[in-house]
Amino acid sequence: MCRTEQDPESSETEDEADTDAVFIALLEDSAEELYESAPCGYLSTLMDGTIAKINATLLGWLGLEREAVVGRRRFTDLLTVGGKLYHETHFAPLLRMKGELSGIALELKTADGGRLPVLVSSTVKHSSEGEPLLIRTTVFDASDRRTYEEELLHRKREAELARAEAEQARAEAEEARRQAETDRARLADALAVLQQSLLPASLPAAPGLETAVYYHTASPDRLGGDFYDLFPIDGTRWGFFLGDVCGKGPEAAALTSLVRYTLRAAALHDPEPAAALATLNSVLHERYAASGDVRYCTAIFGIVDTGTRTGHATVRLASGGHPSALILRAGGHAEFLPTPGGLLVGILPTAPATTAETVLEPGDTLLLYTDGLTEARTGPTHNSLYGEEALHAFATAHAPCTPQEAIRALSELLDSFGDGLDDDTALLALGVPAAPPHVRPATKHER
């Protein structure tokens, strides 16, 4: 007898097989296709930010061609001005410290001049030996996210609550404004008597100190933005500073003049390093921020006092977004003098600075430098930055040495970078003369 009815279990098995076949067909995507067509943006960069890989989704959002991006741009080139500042002052330092960040709100520039709000997550990939190799970044389009609206409403409620407190503080603010106007008037009087020049022709002789300076101009046909100075405060105290303004050319030269004269005048009014940088920040922000042409600089300002102890010098430093000073000790080692927390000068209405203090003993040398040195490109393809670690090793190998010897060695180092040195570089060294040989501390070479 023939069986005419279909077995229910057999029918169910065939339906499951058909369903599996449909899913298999849908999932026949290559890994490359999934990467390129992902619903979010992907890119991979070298540790200096150079873009090594980027998917089609992100290129489409930005309206860019792959050939114009890969190997030609850095991640920061895709950001708006505000995004770049946040990346330099917060995102990049936190990523180096933690190794990963997620959900950071930034803005990207599109090819047509628009802005694309995004949420960025980055992870540092390390080698088996623990060395950082590259940065992998995921980008989510946040232009239509409800989060932005909720954040705006939240800020509005905060502003309404703060308005009542602001009214209560208005009287105090008015008094502070009048005092600030008085201080600005005094500062303007001091500025009027200063000479007009970008850099001092030579450093003055400072009793109890040895000094040396070097300035490298990356482009001989353009004015640079690095600056330095050394000047007397009173009989035993000397003010000194070094820094780097944004941009190049006449605009940078004008800003350099303003920075130098402002710091000199501020030191005459209040020689505390943090106060001098606060005055500079107020002047730059008031002059440039209102017009929308934001101008800023990094600066490290210090006071050296040779009268606290014979044959020694006390140094107080404050930094506004500038690399830490480096001390070459008479004992044959080198150490950084950290000044953490300092922000770029001129970006925000207020920029708090942290003060650090040290004592220079006989044979010690304090070195200030601009980032042209540490950001010089090294290696056969100039893809690596020289960096602070290499500078520390270089200083340790040359310690102890006089300011003149330190500057001479560093100028030779800068020459060795060749085309890799593509930014202006200023070096300023201060030191206490070494004690006579019979009392001079033994160096690491003499032990």
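Residues numbered from 1 in each chain as written. Predicted model: local features only at pLDDT ≥ 70, side-chain atom pairs only at ≥ 80, totals over all residues. Heavy atoms only, no water.

As annotated in an unreviewed UniProt entry, the protein chain carries the name PP2C family protein-serine/threonine phosphatase and is attributed to Nonomuraea roseola.

**Student:** I'm lost on the overall build of the protein chain in this one. Help?
**Tutor:** Counting secondary structure elements, the protein chain contains 10 helices and 17 strands. Long-range pairs, those at least 24 residues apart, make up 62% of the contacts in the protein chain with a sequence separation of at least 6. A total of about 24300 Å² of accessible surface is found on the protein chain, and carbon and sulfur atoms cover 53% of it. (Helix = DSSP H or I, 4+ residues; strand = E, 2+ residues; numbered from the N terminus. Contact = heavy atoms within 4.5 Å. Areas by Shrake-Rupley, 256 points an atom, 1.4 Å probe, with all protein chains shown as cover.)

**Student:** Got a minute to help me understand the packing of helix H6 (residues 249–269) against helix H7 (residues 273–288) in this structure?
**Tutor:** Where H6 meets H7, the closest approach of the two axes is 9 Å, and the angle between their N-to-C directions is 140°. As the angle between them shows, H6 and H7 are arranged oblique. As for the relative orientation of H6 and H7, their crossing is right-handed in sense. From H6, Leu255, Leu258, Val259, Thr262, Leu263 and Ala266 reach across to H7, where they touch Ala276, Leu277, Thr279, Leu280, Val283, Leu284, Arg287 and Tyr288. Taken together, the residues of the contact of H6 with H7 break down into 11 nonpolar, 2 polar and 1 charged. (Axes fitted to C-alpha atoms, helices over the stretch in contact; angles between N-to-C directions. Parallel < 35°, antiparallel > 145°, perpendicular 65-115°, else oblique. Left-handed = near helix turned anticlockwise from the far one by under 90°. Nonpolar A, V, L, I, M, F, W, Y, C, P; charged D, E, K, R; others polar.)

**Student:** Please clarify how the packing of aromatic side chains should be interpreted in this entry.
**Tutor:** A ring pair, where both rings are aromatic, is described by two values, the distance of the centres and the angle of the planes. Scanning the entire structure with this criterion turns up 5 aromatic pairs. Centre to centre, the rings of Tyr35 and Tyr42 are 5.4 Å apart; their planes meet at 15°, and the pair counts as stacked. Overall, the relative accessible area of 28% leaves Tyr42 in the partly exposed class. Clustering of aromatic rings is evident, with ring pairs tying together Phe227, Phe231, Phe241 and Phe301. Sitting above the plane of the Tyr35 ring, Lys53 keeps its charged end 4.6 Å from the centroid. (Phe/Tyr/Trp six-rings, centres within 6.5 Å; stacked < 30°, edge-to-face > 60°. Buried < 20%, exposed > 50% of the residue type's maximum accessible area, 1.4 Å probe, protein only. Lys NZ or Arg CZ within 6 Å of the ring centre and 35° of its normal.)

**Student:** How do you make sense of the sheet that holds strand E10 (residues 313–320) when you look at a structure like this?
**Tutor:** Two strands in a sheet stick together by hydrogen bonds in their backbones, pointing the same way (parallel) or opposite ways (antiparallel). The 5 strands lie next to each other as E7-E8-E9-E10-E13, forming an open sheet whose pairing is antiparallel. Here the strands that pair on one side only, and so sit at the sheet edges, are strand E7 (226–232) and strand E13 (355–360). Taken pair by pair, the neighbouring strands of this sheet meet at an average axis angle of 15°, ignoring direction. Sheet topology places strand E9 (residues 297–305) next to E10; 7 bridges connect them, and they run antiparallel. Residue pairing for E10: Asp305 is matched across the bridge by Thr314. The sheet contacts of H6 involve E7, strand E8 (237–245) and E9, and relative to E7 the element is tilted by about 25°. Against the sheet, H7 engages E9, E10 and E13, with an angle of about 150° to E9. (Pairing = 2+ DSSP bridges.)

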